[in-house]
Amino acid sequence: MGFTKWFVTNGCKFGLSFAYRVLKEDWDHVPKKGPLIIFSNHTGMIEVPIMYTQLYPRPVTGLGKAELWDNWFLSFIFKTWGVIPIKRGASDLDAMRTAVEALKAGVILGIAPEGTRNKTGKLQRAHPGLVVLSQHSQSPLIPIAHWGGEKRKEYAKRWRRAPFHIKAGRPFRLDPGEERLSKDLRQAMADEMMYQLAKLLPEEYRGEYSDLSKASEKYIRYIDEGAI
């Protein structure tokens, strides 16, 4: 599997380079080791292989909707990369346990808090499930925003590669203090996380989190990157 993963990952990276110019900003914020939850906006499928290949050789996994495994090609890629299938519309405790175990083993976990792909490119309201996962695993989080991938066809018509921007934010932990982790609190913490993501995006992509004056950091504890 080691060679297969190397071959598939580098093959994807090479193939993607014909369609996209990956432009990374503040990538040094991403820790070089240890458990980490990366949360990102979700505009399509292409960000998954781009993110994975840019993070490689760090061990990376993620959560993907179970029905994608019905496609033989995606199933092969996801199994090679160790992506965790999750059943949407219900609490998939097995998937959550697998994700926590991966984090405790020092793996990077990628997740999209919006829960589904947004077709407009603008952020949608986050689901609070990631808050529960972060509390159970006690893992640091980091926002990574991306944009530009939706313009691939526009650039391809001119025989040019589309710029795919990736920007990393500051790593942090979520701390509810003495408050009970109620549904309302989980949503408030999820919204604080998403404002961290929105700050990294150009204004036209911020969507539900456009008004940065509403952003708060009550439950966010920034981490000294050298301490991770």
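In short, a report on the structure. (Residues numbered from 1 in each chain as written. Predicted model: local features only at pLDDT ≥ 70, side-chain atom pairs only at ≥ 80, totals over all residues. Heavy atoms only, no water.)

## A word on the environment of A19
Stage number 1. Along the chain, A19 falls in the loop between α1 (2-16) and β1 (20-25).
Stage number 2. Discounting residues that sit within four places of it in the chain, A19 has contacts with R152, R161 and A162. (Helix = DSSP H or I, 4+ residues; strand = E, 2+ residues; numbered from the N terminus. Contact = heavy atoms within 4.5 Å.)

## Description of the nonpolar core
Stage number 1. By size, the foremost hydrophobic cluster in this structure holds 34 residues, and its most contacted members are F39, L130, L141, L174 and M193.
Stage number 2. Residue assignment for this core shows that the elements contributing at least two residues are β2 (36-39), β4 (84-86), α4 (93-104), β5 (108-111), α5 (129-137), β6 (141-147), β8 (172-174) and α7 (183-198).
Stage number 3. Sorting elements by how many residues they give to this core places α7 first, with 8 residues.
Stage number 4. In this view, M193 contacts F39, L130, V131, L141, F172, L174 and I220; residues no more than four positions away in its chain are not counted. (Core = buried A, V, L, I, M, F, W, Y, C linked by side-chain atoms within 4.5 Å. Buried < 20%, exposed > 50% of the residue type's maximum accessible area, 1.4 Å probe, protein only.)

## Re the environment of M194
Stage number 1. Within the secondary structure layout, M194 lies in helix α7.
Stage number 2. For M194, a relative accessible area of 0% corresponds to the buried category.
Stage number 3. Along the primary structure M194 and Y209 are separated by 15 residues, whereas in three dimensions their C-alpha atoms are 7.2 Å apart.
Stage number 4. Not counting the four nearest positions on each side in its chain, M194 is found in contact with P113, E114, L123, Q124, A126 and Y209.

## Digging into the pairing of β6
Stage number 1. Burial runs high along β6: 7 of the 7 residues are buried.
Stage number 2. Alternating residues of β6 divide into L141, P143, A145 and W147 and I142, I144 and H146, and every residue in both groups is buried.
Stage number 3. In this sheet, β6 lies alongside β2 in parallel orientation, the contact comprising 3 bridges. Following the sheet pairing, I37 is matched in β6 by L141.
Stage number 4. In this structure, β6 lies alongside strand β7 (residues 162-168), joined through 4 bridges in antiparallel fashion. In the strand pairing of β7, H146 is matched with I166. (Pairing = 2+ DSSP bridges.)

## A short note on helix α3 (residues 72-81)
Stage number 1. Three or more residues of α3 are buried, namely S75, I77, F78, T80 and W81.
Stage number 2. In this structure, the buried residues of α3 make contact with α1, α2 (47-55) and β3 (60-65).
Stage number 3. Near the N-terminus of α3, the side chain that reaches the backbone nitrogen of F73, with its oxygen 2.9 Å away, is that of N71.
Stage number 4. Trailing α3 by a residue or two, G82 shows a phi angle of about 70°, which is positive. (Polar contact = N/O pair within 3.5 Å; in protein donor to acceptor, adjacent residues only side chain to side chain.)

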